[in-house]
Amino acid sequence: MKYELDIHCHTISSGHAFSTLEENIRVAAERELKLLAITDHAPSMPGGAHLYHFYNMRIIPDVIRGVRILKGAEANIIDYQGSIDLDEEVMTNLDLVIASLHPPCLEFGTESEHTKTIVEAMNNRRVNIIGHPGDKRYSFNIREVVSASKETGTLLEINNSSLKPTSYRPGSDIIIRQMVEECLLQNVPLIMGSDAHFSAEVGDFTEASALLKEMAFPEEMILNNSAEEFLKFL
Ligand SMILES: [Zn+2]
Ligand SMILES: [Zn+2]
């Protein structure tokens, strides 16, 4: 299956990623992606991009090398009320917002605290996607979070980097599999993201797509299939 879009990648603006915007877009074009979202880390992440980075994304053309570019951010969830580290004014300038749980931006809590945190972030109408749910240090009630995805339209990401042997979130596959099963039960679509921190990873869904295939998750419920449909969904 050829996927048309990647909604999650980082550039050198994130502080711990190693490619430029140009390099990421070159790989996206080579892999014939139709759409790429640039989602650098928001300011609470050590080394993350400054707020001015997100304000100034408007200068990036909408289409580069034939690839539609979405100006986005990977915001940090910073408290158990699901608050994120980007304000409304910044987000009105962005095409796409991912909200993720990252140490050291949020302390590890209890399963019920994490569940409330994620559900509250999903209720934020500016948040389009929850990034890499599955980190076992931030365990959550899977049924409640999948129900919230269904109710709010905020997507859950199957993060390719989490499933790699080099992942900083080892053991994610167990939670991800339970989440995929629950999405099958509740008929909730999913989105894959490469979470590329180096250009060669852009559009690489090897691990995520293998897992979804193995679990017989229907192709039509994977929102990477059509850039046009994804834009409508947004
Ligand atoms: Zn992240
Ligand atoms: Zn990321």
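Look above for the structure.
One numbering rule holds for all chains: residues counted from 1, following each sequence as written. The order in which chains are written sets their letters, starting at A; the order in which ligands are written sets their numbers, starting at 1. Side-chain atom pairs in this predicted model are given and counted only at pLDDT of 80 or more, local residue features only at pLDDT of at least 70, and totals for whole chains, interfaces and linings cover all residues. Hydrogens and water are ignored here; the side-chain numbers use all heavy atoms of the structure.

K.L.:
How should the coordination of the zinc ion (ligand 1) be read in this particular structure?
P.N.:
Geometry reference: four tetrahedral donors at a metal, ideal angle 109.5 degrees. Six octahedral donors, ideal angles 90 or 180 degrees. Excluding water, the donors of a metal are its N, O and S neighbours within 2.8 Å, or within 3.2 Å for Na, K and Ca, and that exclusion means sites may look incomplete. In this structure, Glu74 (OE), His102 (NE2) and His132 (NE2) serve as the protein donors to the zinc ion (ligand 1), at separations of 2.1 to 2.2 Å. When the donors of the zinc ion (ligand 1) are listed by position in the chain, the intervening gaps give E-x27-H-x29-H. In this model, the zinc ion (ligand 1) sits 3.4 Å from the zinc ion (ligand 2), the two metals being bridged by glutamate 74. With a gap of 30 residues between them, histidine 102 in the loop between β5 (96–100) and α4 (111–123) and histidine 132 in the loop between β6 (129–131) and α5 (142–152) connect regions that are remote in the sequence. Classification of residues uses two cut-offs on accessible area relative to the type maximum, computed with a 1.4 Å probe and protein chains only: under 20% is buried, over 50% is exposed, and between them is partly exposed. Taking the relative accessible area as the measure of exposure, histidine 102 reaches 6% and is therefore buried. Here histidine 132 falls in the buried class, since its relative accessible area comes to 3%. Per the convention used, a helix needs a DSSP run of H or I reaching at least four residues, while a strand needs a run of E reaching at least two, with both numbered from the N terminus.

K.L.:
Explain the pattern of salt bridges to me, please; I cannot follow it from the model alone.
P.N.:
In a structure, side chains of opposite charge can pair up when their charged atoms sit close to one another. Every case where a carboxyl oxygen of Asp or Glu lies within 4 Å of a side-chain nitrogen of Lys or Arg is listed as a salt bridge. This structure, assessed with the given rule, holds 10 salt bridges. For arginine 126, the salt bridge goes to glutamate 88, with nearest N and O atoms at 2.9 Å. With a gap of 38 residues between them, arginine 126 in the loop between α4 and β6 and glutamate 88 in helix α3 (residues 88–92) connect regions that are remote in the sequence. Classification of glutamate 88 as partly exposed rests on a relative accessible area of 37%. Lysine 164 is the partner of glutamate 201 in a salt bridge, and the nearest nitrogen-oxygen pair spans 3.3 Å. Here lysine 164 lies in the loop between β7 (155–159) and α6 (172–186) and glutamate 201 lies in the loop between β8 (191–193) and α7 (206–214), a separation of 37 residues in the sequence.

K.L.:
Looking at this model, I keep getting lost on the packing of aromatic side chains. Mind explaining?
P.N.:
To describe a pair of aromatic rings, you give the distance between the ring centres and the angle between the ring planes. Classification of ring pairs uses Phe, Tyr and Trp, with its six-membered ring standing for Trp, and accepts pairs whose centres are within 6.5 Å; under 30 degrees between planes counts as stacked, over 60 as edge-to-face, and the remaining range as tilted. What the rule picks out here adds up to 2 aromatic pairs. Look at tyrosine 3 and phenylalanine 205: their rings are 5.9 Å apart centre to centre, the planes differ by 90°, and that puts the pair in the edge-to-face class. Here tyrosine 3, found in the segment before β1 (5–6), pairs with phenylalanine 205, found in the loop between β8 and α7; they are 202 residues apart in sequence, far enough to count as distant. Of the two residues, tyrosine 3 and phenylalanine 205, neither departs from the other in class, the shared state being buried. With a centroid separation of 4.8 Å and an interplanar angle of 55°, the aromatic rings of phenylalanine 108 and tyrosine 138 are classed as tilted. A residue pair is termed long-range when its members are at least 10 positions apart, and phenylalanine 108 in the loop between β5 and α4 and tyrosine 138 in the loop between β6 and α5 qualify at 30 residues. Classification of tyrosine 138 as buried rests on a relative accessible area of 2%.

K.L.:
How do you make sense of unusual backbone geometry when you look at a structure like this?
P.N.:
Omega for the bond connecting proline 103 with proline 104 falls within 30 degrees of zero, at 5°, which places this linkage in the cis form. Summarising the element assignment, proline 104 is placed in the loop between β5 and α4. A positive phi angle is found at glutamate 32, which is not glycine, with a value near 60°. Inspection of the secondary structure assignment puts glutamate 32 in the loop between α1 (21–30) and β2 (35–41). Here aspartate 195, not a glycine, exhibits a phi torsion of approximately 55°, which is positive.

K.L.:
What exactly am I supposed to notice about the coordination of the zinc ion (ligand 2) here?
P.N.:
Only His8 (NE2), His10 (NE2), Glu74 (OE) and Asp195 (OD) from the protein reach the zinc ion (ligand 2) as donors, at distances of 2.0 to 2.2 Å. In these descriptions, tetrahedral denotes four donors with every angle between 85 and 135 degrees, square planar four donors and octahedral six donors with opposite donors over 155 degrees apart and the rest between 65 and 115, and irregular any other case. Note that the zinc ion (ligand 2) binds 4 donor atoms; their angles at the metal cover 81 to 173°, and the shape is irregular. Site description for the zinc ion (ligand 2): donor spacing in sequence, H-x1-H-x63-E-x120-D. Residue histidine 8 is classed as buried on the basis of its relative accessible area of 0%.

K.L.:
What should I look at first to understand the packing of α6 against α7 in this one?
P.N.:
When two helices pack together, their arrangement is given by the angle between the helix axes and by the axis-to-axis distance. Relative to each other, α6 and α7 sit at 50°, their axes nearing to 11 Å. It follows from the interaxial angle that α6 and α7 lie oblique. Note on packing geometry: the crossing formed by α6 with α7 is right-handed. The segment α6 lies against α7, with Ile176, Arg177 and Val180 engaging Leu211, Leu212 and Glu214. For the contact of α6 with α7, the residue count by class is 4 nonpolar, no polar and 2 charged. Axis definition: a line fit to C-alpha positions, over the contact stretch in the case of helices; interaxial angles, taken between N-to-C directions, run 0 to 180 degrees. Any angle that falls under 35 degrees is termed roughly parallel, while one over 145 is termed roughly antiparallel, one within 65 to 115 roughly perpendicular, and all others oblique. Helix crossings are classified by the rotation of the near helix relative to the far one: an anticlockwise turn of less than a right angle makes the crossing left-handed, while a clockwise turn makes it right-handed. Residues count as neighbours in contact if any of their non-hydrogen atoms are within 4.5 Å of one another. Under the grouping applied here, Gly and all other residues not named as nonpolar or charged are polar, the nonpolar ones being Ala, Val, Leu, Ile, Met, Phe, Trp, Tyr, Cys and Pro and the charged ones Asp, Glu, Lys and Arg.

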